[in-house]
Amino acid sequence: DETTARRKDAHLDLCATGDVEPAQNSTLLEHVHLIHCAMPELAADEVDLGTPFMGKALRAPLLVTGMTGGTERAGAVNRELALLAERHGLAFGVGSQRAMAEDASRTASYAVRDVAPTVALIGNIGLYQAIGLGVDGVRRLSDAIGADGMALHLNAGQELTQPEGDRDFRGGYRVVEELARAFGDRLLVKETGCGIGPDVARRLVELGVRNVDVSGLGGTSWVRVEQLRATGPQAQVGAEFSGWGIPTAAAIASVRKAVGPDVRLVASGGVRGGLDCAKVLALGADLAGMALPLFRAQQQGGLAAAEEALKVILTALRQALVLTGSRNVAELRQRPRVVSGALKDWLAAL
Ligand code: FNR
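Residues numbered from 1 in each chain as written. Predicted model: local features only at pLDDT ≥ 70, side-chain atom pairs only at ≥ 80, totals over all residues. Heavy atoms only, no water.

Student: What exactly am I supposed to notice about the layout of surface pockets here?
Tutor: Summary: where empty space remains is shown by rolling a probe the size of a single water molecule over the atoms. Empty space within the largest pocket amounts to approximately 720 Å³. The wall of the largest pocket is formed by 38 residues, among which Lys8, Met67, Gln158, Thr192 and Trp222 lie closest to the centre. Mapped by element, the contributors of at least two residues to the lining of the largest pocket are α1 (2–17), α5 (156–161), β11 (287–290) and α12 (292–323). With 5 residues, α1 is the single largest residue contributor to the lining of the largest pocket. Residues belonging to the lining of the largest pocket are distributed by class as follows: 8 nonpolar, 21 polar and 9 charged. (1 Å grid on protein atoms, 1.4 Å probe; cavity = no way out; pocket = protein on both sides within 12 Å on 5 of 7 lines; lining within 4 Å. Points joined across faces, edges and corners; volume = space filled by probe spheres on them. Helix = DSSP H or I, 4+ residues; strand = E, 2+ residues; numbered from the N terminus. Nonpolar A, V, L, I, M, F, W, Y, C, P; charged D, E, K, R; others polar.)

Student: What exactly am I supposed to notice about the site of the ligand here?
Tutor: Around the ligand, a shell composed of 24 residues is seen, among which Met67, Ser96, Ser215, Thr220 and Arg272 lie nearest. A distance of 2.8 Å separates an oxygen atom of the ligand from a polar atom in the side chain of Thr65. At 2.8 Å, a side-chain N or O of Lys190 approaches an oxygen atom of the ligand. Relative to its free-state accessible area of 600 Å², the ligand is covered by the protein chains to the extent of 98%. (Near = heavy atom within 4 Å. Polar contact = N/O pair within 3.5 Å; in protein donor to acceptor, adjacent residues only side chain to side chain. Areas by Shrake-Rupley, 256 points an atom, 1.4 Å probe, with all protein chains shown as cover.)

Student: What's the story with the packing of helix α10 (residues 248–259) against helix α14 (residues 341–349) in this structure? I'm lost.
Tutor: Angle between the axes and distance between the axes are the two parameters that describe a pair of packed helices. Contact geometry of α10 with α14 gives a least axis separation of 10 Å together with a crossing angle of 35 degrees. In the crossing of α10 with α14, the sense of the turn from one axis to the other is right-handed. Packed against α10, whose contacting residues are Ala249, Ala250, Ala253, Ser254 and Lys257, the element α14 presents Leu343, Trp346 and Leu347 at the interface. (Axes fitted to C-alpha atoms, helices over the stretch in contact; angles between N-to-C directions. Left-handed = near helix turned anticlockwise from the far one by under 90°. Contact = heavy atoms within 4.5 Å.)

Student: Got a minute to help me understand α10 in this structure?
Tutor: Side chains of residues three or four places apart in an α-helix project in the same direction, reflecting 3.6 residues per turn. In a regular helix each residue adds 1.5 Å, so 12 residues correspond to 16 Å; α10 covers 16 Å between its end C-alpha atoms and thus fits that length. Within α10, 11 of the 12 residues are buried, which leaves it mostly tucked inside the rest of the structure. Inspection of α10 places Thr248, Ala249, Ala250, Ala251, Ile252, Ala253, Ser254, Val255, Arg256, Ala258 and Val259 among the buried residues, and these make up the whole buried set. Immediately beyond the C-terminal end of α10, within one or two residues, lies Gly260, with a positive phi of roughly 80 degrees. (Expected span 1.5 Å × (residues − 1). Buried < 20%, exposed > 50% of the residue type's maximum accessible area, 1.4 Å probe, protein only.)

Student: Looking at this model, I keep getting lost on the pattern of salt bridges. Mind explaining?
Tutor: Pairs may arise between side chains of opposite charge once their charged atoms sit close together. All told, the structure shown has 21 salt bridges when counted by the stated rule. Taking the shortest distance from any N to any O, the salt bridge between Arg224 and Asp19 comes out at 2.9 Å. Of this pair, Arg224 sits in helix α8 (residues 222–229) while Asp19 sits in the loop between α1 and β1 (32–34), placing them 205 residues apart in sequence. Of the residues examined, Arg224 reaches a relative accessible area of 11% and is grouped as buried. For Asp19, a relative accessible area of 45% corresponds to the partly exposed category. (Salt bridge = Lys/Arg side-chain N within 4 Å of Asp/Glu carboxyl O.)

Student: Help me understand unusual backbone geometry in this model?
Tutor: Phi at Leu28 takes a positive value of approximately 70 degrees, unusual for a residue other than glycine. One can find Leu28 in the loop between α1 and β1. Positioned with a positive phi, Glu41 is a non-glycine residue whose angle comes to about 55 degrees. Assignment of secondary structure puts Glu41 in the loop between β1 and β2 (51–53). Taking relative accessible area as the criterion, Glu41 reaches 66% and is therefore assigned exposed.

Student: How should a nonpolar patch on the surface be read in this particular structure?
Tutor: Together, Val237, Phe241 and Trp244 make up a nonpolar patch on the protein surface, roughly 320 Å² of accessible area in all. Along the polypeptide, Val237 turns up in helix α9 (residues 232–241). Residue class for Val237 comes out partly exposed when judged on its relative accessible area of 44%. (Patch = residues over 30% accessible without salt bridge, like charges linked within 9 Å, V, L, I, M, F, W, Y side chains within 5 Å.)

Student: How should I be thinking about the state of the cysteines in this particular structure?
Tutor: Two cysteines, two sulfur atoms, one covalent bond between them: this is a disulfide. Here the structure, examined in full by the defined rule, presents 0 disulfides. Cysteine Cys194 is unpaired, with the sulfur of Cys15 as its nearest cysteine sulfur at 14 Å. (Disulfide = S-S within 2.5 Å.)

Student: Would you mind showing me how to read the nonpolar core here?
Tutor: In a soluble, globular protein the nonpolar side chains are often hidden away together inside. If you look at the biggest cluster of nonpolar residues, it comprises 94 residues, and the most contacted ones within it are Leu62, Phe92, Leu152 and Leu179. Considering each element in turn, this core owes the most residues, 13 residues, to α12. If we skip the residues at most four places from it in the chain, Phe92 touches Leu63, Val64, Asn78, Leu81, Ala82, Ala85, Val119, Ala120, Leu121 and Ile122. Counting 11 residues, the second largest nonpolar core, distinct from the first, contains Phe53, Ile122, Ala151 and Leu287. (Core = buried A, V, L, I, M, F, W, Y, C linked by side-chain atoms within 4.5 Å.)

Student: Would you mind showing me how to read the side chain of Ser96 here?
Tutor: Here Ser96 lies in the loop between β5 (91–93) and α3 (98–102). Residue contacts for Ser96: discarding those within four places in its chain leaves Lys8, Tyr110, Asn124, Ile125, Gln129 and His153.

Student: What exactly am I supposed to notice about the sheet that holds strand β7 (residues 149–153) here?
Tutor: Two pairing modes exist for strands in a sheet, parallel and antiparallel, and in both the strands are linked by backbone hydrogen bonds. Spatially, β4-β5-β6-β7-β8-β9-β10-β11 is the arrangement adopted by the 8 strands of the closed barrel, whose pairing is parallel. Within this sheet the neighbouring strands show an average axis-to-axis angle of 25 degrees, counted without direction. Together, β4 (62–64) and β5 form the strand contacts of helix α2 (residues 72–88), whose direction differs from that of β5 by roughly 165 degrees. (Pairing = 2+ DSSP bridges.)

Structure (structure tokens):
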């Protein structure tokens, strides 16, 4: 309905210019130190960043995580960032398809295949909307945009801070199990900035989930976004919880340890540069994920600005591999690294 679309545009405004990344929150990636190799013995061009994802061969291990759709403005964001992902061989996710589930005339704002015919394209729906839609409804959303995979997002923290949000979180695993059976390795379960920890990840994998985006604390806080929209007591509770979550570095390292080598893991949440990407890949991610930095660049300067931001990220990622003497991500993971400070405490507990 109208309110879903209006809320989406309010979210975009807040994310474009608001203080949605509380300064005290951290990914804890500052406590990961990759170790310099003074004699790399390789050429930058030799570094191979390619990786498979959702049946496609990516040229770089990067997912533009799902953000938007449902309005004209949102459609422009999707098309420009999908085109960027297509050009550079990244994966691209649209935002929650709830708006098009409610009103099919909004489908065009998620449709990017004409500008991104070969991109690894990921649809998106919230867990509790998926309960209402059922497997067939979710499949229709995926088919309508020609997606290669479907992301199911978890956002209990955001819902509780949203005045009109969900309050009943029962029955989630049952839906995940049904969707995993229907979508197989084309299902991705993701958080939205509060993180997936090892216990939840293990249970998801037991139910057949093969792709997880931990989307941890340290970047965009959806509790903060809702806090900025809320008033009165709701805003106060939101303020108290806008630093709630599992920091991205702690989430990715602990989830990799919990689920073993065969599950595809994405690390998003506060990943901001190529060196951050290298750190999450070293900690066990198969792909790094990013939302806010590319969205903001696009809002400020369109496709050209987003492309410039992406080139800096890809150059820095490649540089991190060269300077650790790694030809590819598998080699990067085998290099020693230093983990210090609070991240050590988190990893001791998880
Ligand atoms: C998001 N995110 C998000 N996630 C999701 O699964 N469905 C969605 O509709 C949205 N919408 C959305 C809009 C905007 C403007 C942003 C910035 C983000 C969450 C996103 O995919 C990601 O999990 C978090 O934002 C953490 O990554 P960053 O932003 O810290 O890089």
